[in-house]
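Chain residues, written in single-letter form:
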Amino acid sequence: MVMMAISIFFSGIVYRLAVNELNRSGNDQSILFNNLSDISPGSREQFTESNDTHLREAKKRVFIGLLVTNIIIMVGAGLLSYYLAKQTLEPIEESHQALERFTADASHELRTPIAVMQSEIEVALMDPKLSIKEAKELLHSNLEELERLTTLSDGLLHLARLEKNDMQLENIENIENIEIVSRAVSTVKNRAQEKKISIKLKISDKAIIRADQSLLTEAFVTLLDNAIKYSSKKSTIYIASRNLVRKVEITITDKGPGIDTRDIPYIFDRFYRADRARSKHKIAGYGLGLAIAKSIIELHAGHIKVVSKIGKGSTFSVILPQHGKLLR
Ligand code: ADP
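Let me sum up the structure you'll find in this document. (Residues numbered from 1 in each chain as written. Predicted model: local features only at pLDDT ≥ 70, side-chain atom pairs only at ≥ 80, totals over all residues. Heavy atoms only, no water.)

This next bit is on the packing of aromatic side chains. Two aromatic rings, taken as a pair, are described by how far apart their centres are and by the angle between their planes. According to the stated counting rule, one finds 5 aromatic pairs in the structure shown. With a centroid separation of 5.9 Å and 75 degrees between ring planes, the pair formed by Tyr15 and Phe63 is classed as edge-to-face. On the criterion of sequence distance, the pair formed by Tyr15 in helix 1 (residues 2–35) and Phe63 in helix 2 (residues 41–126) is long-range, its members being 48 residues apart. Measuring from centroid to centroid gives 6.3 Å for Phe268 and Phe316, while their planes differ by 80 degrees, and the two rings are edge-to-face. Of this pair, Phe268 sits in the loop between strand 5 (247–254) and helix 6 (275–281) while Phe316 sits in strand 7 (residues 313–321), and the two are 48 residues apart along the sequence. Each member of the pair, Phe268 as well as Phe316, is classed as buried. (Phe/Tyr/Trp six-rings, centres within 6.5 Å; stacked < 30°, edge-to-face > 60°. Helix = DSSP H or I, 4+ residues; strand = E, 2+ residues; numbered from the N terminus. Buried < 20%, exposed > 50% of the residue type's maximum accessible area, 1.4 Å probe, protein only.)

Our next topic: the sheet that holds strand 2 (residues 198–203). Whenever strands of a sheet pair, they do so through backbone hydrogen bonds, lying parallel or antiparallel. Strands sit in the order 2-4-5-7-6 across an open sheet of 5 strands; the sheet is mixed. In this open sheet, the two strands that pair with only one neighbour each are strand 2 and strand 6 (303–309). Averaged over all pairs of adjacent strands, the angle between strand axes in this sheet comes to 15 degrees, irrespective of strand direction. Alignment of strand 5 against strand 7, held across 8 bridges, turns out to be antiparallel. Bridging from a neighbouring strand, Asp254 pairs with Ser314 of strand 7. (Pairing = 2+ DSSP bridges. Axes fitted to C-alpha atoms, helices over the stretch in contact; angles between N-to-C directions.)

Attention shifts here to unusual backbone geometry. With a phi angle near 55 degrees, Arg246 is a residue other than glycine that sits in the positive phi range. For Arg246, the location among the structural elements is in the loop between strand 4 (236–244) and strand 5. By relative accessible area, which is 71% here, Arg246 ends up exposed. Notably, Ala301 is not glycine yet its phi reads approximately 60 degrees, a positive angle. Here Ala301 shows up in the loop between helix 7 (289–299) and strand 6. Judged by relative accessible area, which is 59%, Ala301 ranks as exposed.

On the surface, a nonpolar cluster with roughly 740 Å² of combined accessible area is contributed by Phe63, Ile64, Leu67, Val68, Ile71, Ile72, Val75 and Leu79. Mapped onto the elements, Val75 comes out in helix 2. Using a relative accessible area of 46% as the deciding quantity, one classes Val75 as partly exposed. (Patch = residues over 30% accessible without salt bridge, like charges linked within 9 Å, V, L, I, M, F, W, Y side chains within 5 Å. Areas by Shrake-Rupley, 256 points an atom, 1.4 Å probe, with all protein chains shown as cover. Salt bridge = Lys/Arg side-chain N within 4 Å of Asp/Glu carboxyl O.)

Further remarks concern the pattern of salt bridges. Tallying each qualifying case throughout the model produces 11 salt bridges. Of the charged contacts in the structure, one is a salt bridge between Glu145 and Arg148, with a shortest N-O distance of 3.7 Å. Highlighted residues: Glu145 and Arg148, both in helix 3 (residues 132–163), separated by 3 residues, approximately one helical turn. Accessibility expressed as a relative area gives 13% for Glu145, which makes it buried. Among the residues examined, Arg148 registers a relative accessible area of 36% and is labelled partly exposed.

What follows is the structure, given as structure tokens:
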């Protein structure tokens, strides 16, 4: 609209100037012609008439020229504004869609345990002969659902705090890579033993990371937990650490089911669970673990990626900045 208003304003000025100029040159020509002595009155009339016609046509041409120019500017400006508006609105639309997806997923995950508890209680209340044993079973089942709800709401709160842009690392200190990895391994040791899974460490280089120890350990625990959860019994999980230029790369490799290439771009999204895990194996989880781990790693100025092949296994790599000497 602004471009159009400017264009119309200047077109008006150009038209006015052009008309004045045409009138002036028409008048000059008439005066010149009328001053010639050997011209008959008939020719004078003919000249004035043709001069007026030329003037009218010239004005018409100027008007049409300006009109066409304005139409081109209007269409061009319209297309340009549409393109720019689309470019600006796309990220807003994407984040809006992500928020909608998140709200829908969160409500679904929260509703499921509530619906289970409600129906169990309703059925129990309708039974006039409900025994103490049955009532206890019901309470146990309700407790399990409440635990699920607590885990879920804790996860959501944790994620919300991590994703807050102004979140600062509170207990930041210099820690060795081996220490972080060992803490994470000892946390998951029992779960690995239950499935007779062995965890092998290969720390090629020593590295110092500035980190909030418990937070960063939590990220590695999530990755190890997933490796255990999705691997079959008696398999092996490998953890390696090597130094890159000013960075350290810690990898966790499992020989589990792998992740479909179509799922890989989304597995770090909140609530995303690859179909394989959801439908075939029925492995417990909410799809929040990797989203939390990614937020923690990014909070430490690092990044996480995965290489995976269906049937072969997955390797999650965490790349973190390395810091100077160990201060103790
Ligand atoms: P959850 O494990 O609770 O489903 P996560 O956010 O930790 O949620 O993981 C998201 C999805 O990524 C999982 O549902 C699973 O499909 C896939 N995934 C994560 N780690 C692995 C792994 N080591 N092997 C195979 N699939 C994995």
